[in-house]
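Remarks on the overall topology
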Amino acid sequence: MKIRLNALAGIAIAATAALGLSACGSSTSPAASPSADPAKGEITVYNAQHESLTKEWADAFTAETGIKVTLRQGSDTEMSNQIIQEGAASPADVFLTENSPAMAQVENAGLFADVDKATIAQVPSEFRPSTGKWTGIAARSTVLVYDKNKISEDKLPKSMLDLAKPEWKGKWGASPSGADFQAIVSALVELKGEAAADAWLKGMKENFTAYKGNNTAMKAVNAGEVDAALIYHYYYYGDQAKTGENSNNVTPYYFKNQDPGAFLSVSGGGVLKSSKNAEKAQAFLKFITGKKGQEVLQKGTSFEYAIASGVPANDKLVPIKELAAPTVDPAKLNSKKVTELMTKAGLL
């Protein structure tokens, strides 16, 4: 997916230390779309999720409720920094992200209202923060995509941490500037501690090749530039559902065993305290975590995991229970610390 520079970099530095760049940028500026009119019962969503996915959610919600949804598109970091800069004056009613750290950033700034209990009840506890200030709406699994013509199954790393070992020098790639990868590192810090994360990042710096975007990293494996790449699962499944031209030489490998490399990143949704239409904003969040909203994930082409209301994942995906992902409280993912560690290691 397309990477773009943070259009609000100056504001971001002044407002908060945060993730470096988005994993999935958009060509639509967050200031380009008009705000909804609260007097008419409309809501504005600051959207860092895939634009096509959120539009499908919004259209279905409007069809059911008559409530218009205006989307303002940007990256995780871009949108979270904008919300913090706008504060109580923000026109946003709802904030949706691809990864959890940007949600935690806004929560730590004290800008989220509590999520309605009925919505919380739809989402299992492992897919939402312990604080209840926002909730999970979808998820994506960490995978190592590899060229099976270059790496036999018995030579695959037992742990993501093995990628920092000398035998993996020059063999793998990743997109360190993206919010996707930084969420993986944030989970590593939470699971193994700062010292272990620091050591792994230094080993990564010696071993890997940097790419801009997970899709680009996967393409590099497919083209034979590197043997493997650490990305999220849906890039592979999305390409396979189209032509497969960027993934036909690629196989996804799941670390499982509660390994840091089995991290399941939770996409978040929250209602802003500043919302002028809080009841309708809460209704939108309830809708996308409800059965109809989660079926958009199950039946659609985003290939992200449905996580709520008992809706199973798309049948092309490995079931969540089989991923054996480690338990991570999304509220504890620390973007500031990750930025510091990755900068120190020379990755940003």
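Residues numbered from 1 in each chain as written. Predicted model: local features only at pLDDT ≥ 70, side-chain atom pairs only at ≥ 80, totals over all residues. Heavy atoms only, no water.

**Looking at unusual backbone geometry**
- At Asn257, a position not held by glycine, the phi torsion is positive, near 55 degrees.
- Considering the arrangement of structural elements, one finds Asn257 in the loop between strand S8 (251-253) and strand S9 (264-271).
- Since its relative accessible area comes to 62%, Asn257 is described here as exposed.
- Phi at Gln258 is positive, roughly 55 degrees, even though this residue is not glycine.
- Here Gln258 lies in the loop between S8 and S9. (Helix = DSSP H or I, 4+ residues; strand = E, 2+ residues; numbered from the N terminus. Buried < 20%, exposed > 50% of the residue type's maximum accessible area, 1.4 Å probe, protein only.)

**With respect to the packing of helix H7 (residues 194-207) against helix H13 (residues 335-344)**
- Where H7 meets H13, the axes come as close as 9 Å, and the angle between the chain directions of the two elements is 40 degrees. Between H7 and H13, the angle falls in the class oblique. For H7 against H13, the interelement crossing comes out right-handed. Note on element contacts: H13 touches H7 through Lys337, Leu341, Met342 and Lys344, opposite Glu194, Ala197, Asp198, Leu201 and Lys202.
- Taken together, the residues that form the contact of H7 with H13 break down as four nonpolar, no polar and five charged. (Axes fitted to C-alpha atoms, helices over the stretch in contact; angles between N-to-C directions. Parallel < 35°, antiparallel > 145°, perpendicular 65-115°, else oblique. Left-handed = near helix turned anticlockwise from the far one by under 90°. Contact = heavy atoms within 4.5 Å. Nonpolar A, V, L, I, M, F, W, Y, C, P; charged D, E, K, R; others polar.)

**So, helix H9 (residues 234-241)**
- Summarising burial for H9: six of the eight residues are buried, a large majority.
- Within H9, the full set of buried residues consists of Tyr234, Tyr235, Tyr236, Tyr237, Gly238 and Asp239.
- Packed against the buried residues of H9 are strand S4 (135-146), helix H6 (179-192), helix H8 (214-222), strand S7 (228-232) and S8.

**Details of the nonpolar core**
- Core analysis: the biggest nonpolar cluster contains 62 residues, and Trp172, Trp200, Leu201, Met204 and Leu230 have the highest contact counts within it.
- Take this core: its biggest share by element is seven residues, from H6.
- Not counting residues within four places of it along the chain, the set of residues in contact with Trp172 comprises Leu163, Trp200, Met204, Asn207, Phe208, Thr209, Val226, Ala228 and Leu230.
- Residues Ile43, Val94, Phe284 and Ile288 belong to the second largest nonpolar core, which totals 25 residues. (Core = buried A, V, L, I, M, F, W, Y, C linked by side-chain atoms within 4.5 Å.)

**Some points on the packing of helix H2 (residues 51-65) against helix H10 (residues 278-289)**
- It is at 10 Å that the axes of H2 and H10 come closest, and there the two elements cross at 115 degrees. Crossing angle aside, the handedness with which H2 passes H10 is right-handed. Contact with H2, carried on its side by Trp57, Ala58, Ala60, Phe61 and Glu64, involves Lys280, Ala283, Phe284, Phe287 and Ile288 of H10 and no other residues of that element.

**Focus: the packing of aromatic side chains**
- Applying the stated criterion across every chain, the model contains eight aromatic pairs.
- Taken together, a centroid distance of 6.1 Å and an interplanar angle of 35 degrees make the contact between Trp172 and Trp200 tilted. Taken together, the positions of Trp172 in strand S5 (residues 172-174) and Trp200 in helix H7 put the pair 28 residues apart, joining distant regions of the chain. Side by side, Trp172 and Trp200 carry an identical accessibility label, which is buried.
- Pairwise contacts between aromatic rings join Trp172, Phe181, Trp200 and Phe208 into one cluster. (Phe/Tyr/Trp six-rings, centres within 6.5 Å; stacked < 30°, edge-to-face > 60°.)

**Considering the pairing of S7**
- With five of its five residues buried, S7 lies for the most part within the structure.
- For S4 and S7, the ladder comprises five bridges, and the chain directions are antiparallel. Bridging across to S7, Tyr146 finds its partner in Ala228.
- Pairing analysis gives two bridges linking S5 to S7, with the strands arranged parallel. Among the inter-strand pairings, Gly173 is bridged to a residue of S7, identified as Ala229. (Pairing = 2+ DSSP bridges.)

**Observations regarding the environment of Ser130**
- Note that Ser130 resides in the loop between helix H5 (117-120) and S4.
- Considering only alpha carbons, one finds Ser130 and Ala331, 201 residues apart in sequence, at a separation of 6.6 Å.
- Setting aside its immediate chain neighbours within four residues, Ser130 contacts Asp329 and Ala331.
- Engagement of the side chain of Ser130 in a polar contact is seen with the side chain of Asp329, the distance being 2.6 Å. (Polar contact = N/O pair within 3.5 Å; in protein donor to acceptor, adjacent residues only side chain to side chain.)

**Considerations on the pattern of salt bridges**
- Counted according to the given criterion, the structure contains 14 salt bridges.
- As a salt-bridge pair, Lys337 and Glu194 come within 3.6 Å of each other at their nearest N and O atoms. Here the residue Lys337 occupies a position in helix H13, and Glu194 occupies one in helix H7, the gap between them amounting to 143 residues.
- In this structure, a network of salt bridges that share partners links the residues Arg140, Asp180 and Glu304. (Salt bridge = Lys/Arg side-chain N within 4 Å of Asp/Glu carboxyl O.)

**Some words on the side chain of Ser80**
- Inspection of the secondary structure assignment puts Ser80 in helix H3 (residues 76-86).
- The exposure class of Ser80 is buried, given its relative accessible area of 0%.
- If we skip the residues at most four places from it in the chain, Ser80 touches Phe95, Ala102, Gln105 and Val106.

**Some thoughts on the pairing of strand S2 (residues 69-73)**
- Of all the five residues making up S2, five are buried; the element is thus mostly covered by neighbouring parts of the structure.
- On S2, burial covers both faces: Val69, Leu71 and Gln73 on one face and Thr70 and Arg72 on the other are all buried.
- As judged from the five bridges shared by strand S1 (residues 43-47) and S2, these two strands associate in the parallel manner. When the sheet's bridge partners are listed, Val45 is paired in S2 with Leu71.
- Considered for its hand, the β-α-β crossover made up of S1, H2 and S2 is right-handed. (Right-handed = clockwise from strand over helix to strand, strands pointing away.)

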